Amino acid sequence: MIPERSWQQRLHASLTLATTPENRYFQMATCDEHGIPHNRTVVFRELESSPEALLIVSDLRTEKCQHLQSNRNVSGCWYFSQTREQYRFACQGEVLTSSGHHNLLEAHWQRLSEPGRQQYFRNQLHASEYFDCSGRGFPLENYPPQFCVIRLIIERVDYLSVAEQPHERIMFEKSSDGSWLGSQIDP
Ligand SMILES: Cc1cc2nc3c(=O)[nH]c(=O)nc-3n(C[C@H](O)[C@H](O)[C@H](O)COP(=O)(O)O)c2cc1C
């Protein structure tokens with residue numbers, strides 16, 4: 001049976017109905033060079049279209065960025081507690097830096113709160129470079145070199161709604177021409 005709504009329509013609705021900040025967190029797993037998975041919580045920042053991709057902001061010094069250099073496979077798992085829906089994304093990840101992506105990084109940096117920006121200066125090896133002349137703290141208006149955006153290009157979406165009985169599970173697969181095909185799965 002062909003599903004009535006695409007995963008994009010479902011995700012937009014889930015985001016619209018989600019009123020708590022926690023509903024913007026999802027789990028992102030990468031694999032190290034031994035194939036061992038590492039999972040962590042990240043904040044959803046943006047959904048790009050053509051191709052569909054989840055964007056998050058991160059720090060180049062974190063392991064996830066290193067993992068993506070040798071293995072681009074990423075699994076994302078996002079649960080919306082209010083609508084009781086789970087999205088599992090199979091993605092290809094790429095780390096976007098200031099070289100070639102300045103405007104994108106700048107836009108995301110400007111959207112971060114001050115505490116959010118300060119995280120990027122923790123354990124700064126060369127902290128003195130970032131202190132202003134008065135030594136009051138970091139100049140937070142410009143993003144530091146370790147700031148990056150990670151783009152997770154979505155290749156498959158495993159959607160599950162447990163809001164009603166029976167549960168609804170749909171696998172959305174991307175075709176080679178970029179179109180999406182969804183099929184209902186039981187269970
Ligand atoms: C609620 C919450 C939100 C988080 N959001 C992010 C995020 O958007 N980007 C990020 O790099 N780390 C985020 N973190 C921290 C990561 O979970 C992780 O601890 C950190 O990125 C280091 O992970 P890694 O070295 O395995 O890459 C968040 C943690 C929590 C608890």
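Residues numbered from 1 in each chain as written. Predicted model: local features only at pLDDT ≥ 70, side-chain atom pairs only at ≥ 80, totals over all residues.

The subject of this paragraph is the UniProt feature "domain: Pyridoxamine 5'-phosphate oxidase Alr4036 family FMN-binding" (unreviewed entry) in the protein. Taking the numbering used here, the UniProt-annotated feature "domain: Pyridoxamine 5'-phosphate oxidase Alr4036 family FMN-binding" (unreviewed entry) corresponds to residues 5–95. Helix makes up 21% of residues 5–95 and strand 47%. Its end C-alpha atoms lie 31 Å apart. (UniProt positions renumbered as here; feature names shortened; annotations may be inferred. Helix = DSSP H or I, 4+ residues; strand = E, 2+ residues; numbered from the N terminus.)

To continue, consider the nonpolar core. In this structure, Y87, F89, L152, I154, V157 and Y159 are the most contacted members of the largest nonpolar core, which totals 24 residues. When residues of this core are traced back to their parent elements, those giving at least two are α1 (7–17), β1 (25–31), β4 (53–59), β5 (73–80), β6 (85–96), β7 (147–161) and β8 (168–174). A total of 8 residues in this core trace back to one element, the largest contributor, which is β7. Aside from chain neighbours lying at most four places away, what touches F89 is L54, G76, L152, I154 and V157. (Core = buried A, V, L, I, M, F, W, Y, C linked by C-beta atoms within 7 Å. Buried ≥ 20, exposed ≤ 12 C-beta atoms within 10 Å, placed from the backbone. Contact = placed C-beta atoms within 7 Å.)

On to helix α2 (residues 63–70). Among the residues of α2, K64, H67 and L68 are the ones counted as buried. Down the axis of α2, the smallest arc covering the buried residues is 100°, so these residues share one side. For α2, the exposed residues lying more than 90 degrees away from the buried face are E63, Q69 and S70. Considering only its buried residues, α2 is in contact with β1, β2 (37–43), β4 and β6. (Arc of directions from axis to C-beta.)

Moving on to the site of the ligand. Residues in contact with the ligand amount to 13 residues; listed here are only the nearest, R40, S58, T62, E63 and K64. Every element with two or more residues in the shell around the ligand is listed here: β2, β4 and α2. Tallied by class, residues from the shell around the ligand come to 5 nonpolar, 4 polar and 4 charged. (Near = placed C-beta within 6 Å. Nonpolar A, V, L, I, M, F, W, Y, C, P; charged D, E, K, R; others polar.)

Mapping T62 onto the fold places it in the loop between β4 and α2. For T62, a count of 14 C-beta atoms within 10 Å translates into the label partly exposed. Taking C-alpha positions, T62 is 9.4 Å from Q146, a pair spaced 84 residues apart along the chain.

Before going further, it helps to spend a moment on the pairing of β7. Consecutive side chains along a regular strand alternate between the two faces of the sheet. When β4 meets β7, the two strands line up antiparallel, connected through 7 bridges. Bridge pairing in β7 places A53 opposite I153. Between β7 and the antiparallel strand that follows it, β8, lie 6 residues. (Pairing = 2+ DSSP bridges.)

Looking at α1, one finds that the buried residues are W7, R10, L11 and S14. Buried residues in α1, looked at end-on, bunch into an arc of 95°, giving them a common side. Exposed and oriented more than 90 degrees from the buried face of α1 are Q9 and T16. As for α1, its buried residues are in contact with β3 (46–48), β5, β6, β7 and β8.

A negative phi angle is the norm for most residues apart from glycine, just as the trans form is the norm for most peptide bonds. Following S50, the chain continues to P51 via a peptide bond in cis, the omega torsion being -5°. Of note, P51 is situated in the loop between β3 and β4. Cis geometry is adopted by the peptide bond preceding P166, which originates at Q165 and carries an omega value of -5°. Relative to the helices and strands, P166 resides in the loop between β7 and β8. The backbone of S50 sits at a positive phi, close to 50°, despite the residue not being glycine. Within the secondary structure, S50 sits in the loop between β3 and β4. S50 sits in the exposed class, given 6 other C-beta atoms within 10 Å.

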